[in-house]
Amino acid sequence: TPLTAIRGFAETLIDGAAEDPETRRRFLDALFRHTLRLERLVKDLTVLGQAESPQYDWESHPADIGALCRESADALETFARSEAIDVRLLLPDEQVILTLSSHALDHVLVNLIENAIKYSPEGSEVLVRVERQRDQVTIEVVDHGPGIPTKYHDRIFERFYRVDKGRSRNEGGTGLGLSIARNLVERLQGTLEVESEPGKGSLFRVGLPLDPVESEESGEEDAD
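Below or above, wherever it landed, is the structure these notes cover. Computed from a predicted model, the values in this text were never measured in an experiment.

Parameters at a glance
- Residues numbered from 1 in each chain as written.
- Predicted model: local features only at pLDDT ≥ 70, side-chain atom pairs only at ≥ 80, totals over all residues.
- Heavy atoms only, no water.
- Axes fitted to C-alpha atoms, helices over the stretch in contact; angles between N-to-C directions.
- Helix = DSSP H or I, 4+ residues; strand = E, 2+ residues; numbered from the N terminus.
- Left-handed = near helix turned anticlockwise from the far one by under 90°.
- Contact = heavy atoms within 4.5 Å.
- Nonpolar A, V, L, I, M, F, W, Y, C, P; charged D, E, K, R; others polar.
- Expected span 1.5 Å × (residues − 1).
- Buried < 20%, exposed > 50% of the residue type's maximum accessible area, 1.4 Å probe, protein only.
- Salt bridge = Lys/Arg side-chain N within 4 Å of Asp/Glu carboxyl O.
- Pairing = 2+ DSSP bridges.
- Phe/Tyr/Trp six-rings, centres within 6.5 Å; stacked < 30°, edge-to-face > 60°.
- Arc of directions from axis to C-beta.

**What about the packing of helix α5 (residues 102-118) against helix α7 (residues 177-187)?**
- Close contact between α5 and α7 brings their axes to 9 Å; oriented N to C, the two are set at 145°. Our pair here, α5 against α7, has a crossing hand that is left-handed. On α7, the residues that touch Ala104, His107, Val108, Asn111, Leu112 and Asn115 of α5 are Gly177, Leu178, Ala181, Leu184 and Val185.
- Per-class residue counts for the contact of α5 with α7 are 7 nonpolar, 4 polar and no charged.

**Remarks on α5**
- If you check α5, its first and last C-alpha atoms are 24 Å apart, about what 17 residues at 1.5 Å a residue would give, namely 24 Å.
- Here α5 lies mainly inside the structure; 12 of its 17 residues are buried.
- If you check which residues of α5 are buried, you get Ser102, Ala104, Leu105, Val108, Leu109, Asn111, Leu112, Ile113, Glu114, Ala116, Ile117 and Lys118.

**With respect to the pattern of salt bridges**
- Under the defined criterion, the tally for this structure stands at 13 salt bridges.
- Ionic pairing is found between Arg129 and Glu140, a salt bridge with its closest N-O pair at 2.5 Å. Within this pair, whereas Arg129 is found in strand β4 (residues 125-132), its partner Glu140 is found in strand β5 (residues 136-143), the two being separated by 11 residues in sequence.
- Residue Glu140 is classed as buried on the basis of its relative accessible area, which comes to 8%.
- Within this structure, Arg129, Glu140, Glu193, Glu195 and Arg205 form a network of salt bridges that share partners.

**Thoughts on the sheet that holds strand β2 (residues 86-90)**
- With mixed pairing, the 5 strands of this open sheet are ordered in space as β2-β4-β5-β7-β6. On the outer flanks of this sheet lie β2 and β6 (191-196), each paired with one strand and no other. Strand-to-strand twist across the sheet, computed as the mean angle between neighbouring axes with direction ignored, equals 15°.
- Alignment of β2 against β4, held across 5 bridges, turns out to be parallel. Considered in β4, the bridge of Val87 is made with Val126.
- Strand contacts of helix α3 (residues 65-75): β2, β4 and β5, with the helix running at about 175° to β2, the strand carrying the most contacts.
- The strands touched by α5 are β2, β4, β5, β6 and β7 (202-209); relative to β5, the strand with the most contacts, the crossing angle is about 25°.

**Side note on the packing of aromatic side chains**
- Under the counting rule described, the total for this entry stands at 3 aromatic pairs.
- Note on Phe9 and Phe27: the rings are 5.0 Å apart at their centroids and 70° apart in plane angle, and the pair reads as edge-to-face. Taken together, the residues Phe9 in helix α1 (residues 2-14) and Phe27 in helix α2 (residues 21-52) connect sequence positions 18 residues apart.
- The exposure class of Phe27 is buried, given its relative accessible area of 11%.

**Some thoughts on the pairing of β6**
- Side-chain alternation along β6 places Leu192, Val194 and Ser196 on a buried face and Thr191, Glu193 and Glu195 on a face that remains uncovered.
- Counted between consecutive antiparallel strands, the loop separating β6 from β7 contains 5 residues, among which Gly199 sits at a positive phi close to 85°.

**What to know about α3**
- Restricting attention to buried positions, one finds in α3 the residues Ile65, Gly66, Leu68, Cys69, Ser72 and Ala73. Taken down its axis, α3 places every buried residue within 160° of arc, on the same side. Away from its buried face by more than 90 degrees, α3 exposes Glu71 and Ala75.

**Notes on the environment of Lys151**
- With respect to the helices, strands and loops of the structure, Lys151 is situated in the loop between β5 and α6 (165-171).
- Residues Lys151 and Glu197, 46 residues apart in the sequence, show an inter-C-alpha distance of 9.8 Å.

**Comments concerning the environment of Gly175**
- In this fold, Gly175 is placed in the loop between α6 and α7.
- What Gly175 contacts, discounting residues up to four positions off in sequence, is Glu158, Arg159, Phe160, Tyr161 and Arg162.

Listed below in C-alpha cells is the structure:
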C-alpha cells in the first residue's frame, strides 16, 4: 500500500540513507510517487462513498451528452498523447440532452476512457461512441487492449479487484475506478456493461434513460 511504502522509505532516510545524495534523490522521488497514489486513493474512496450514499445530492440539470464526452476526452488528451493513443469521438449530428448530474457522468467517462488508454497498445485507437436509441442513450468506450475473460466480467466492478494485479499496480490505479463508475451510473438510473474477450479488446457500454419528454418524442418519430 502507499502508506507502507512511504513509511519504509522515510525510515530508511532517517536511518542514514539521506546522507547519500543519489539515494536521497531516488527515495524522495519514490516518496512523491506513493504520496500521489495515496492522494488518488483518498479521492476515489471519497467519490465512492458519495456514489453509495443516498444522502449525497448529485445535482441534476440538462446536459449535452456529446459535449460531455468531448470534454472528458479532452481532459485526457495529454495522457493519451504520452501513450501514443488516438481517442476518436463518434457523436450524433444532433444534440442529445439529458437531465442528470454532469459531474457524476464526467467521473464515469474519465474513468472508462483513462482505463481504455492505459490498456491499449501503443499506436492504437480508443473509440468513444454515442448513440440515441428508442428509450435510452448509449455511450460506448472501445479499446484494442488485451481483453478480459468472461469469468471476470462481473468481478471487475468489485472494489479493489484486479484481473492483472501486477500491471494495474504498475499503472498506478487504485482498483476502485470501475466500482465507482458502476455506482455512479446506477445513481443516474442507468446501466454499465462490458463486452470483452482475450485478444479482442473491450467495450464498456453506459446506458442512460431518455428524459420522459425526449422518450415520447422519439416514440412519435418511430410511429411516423
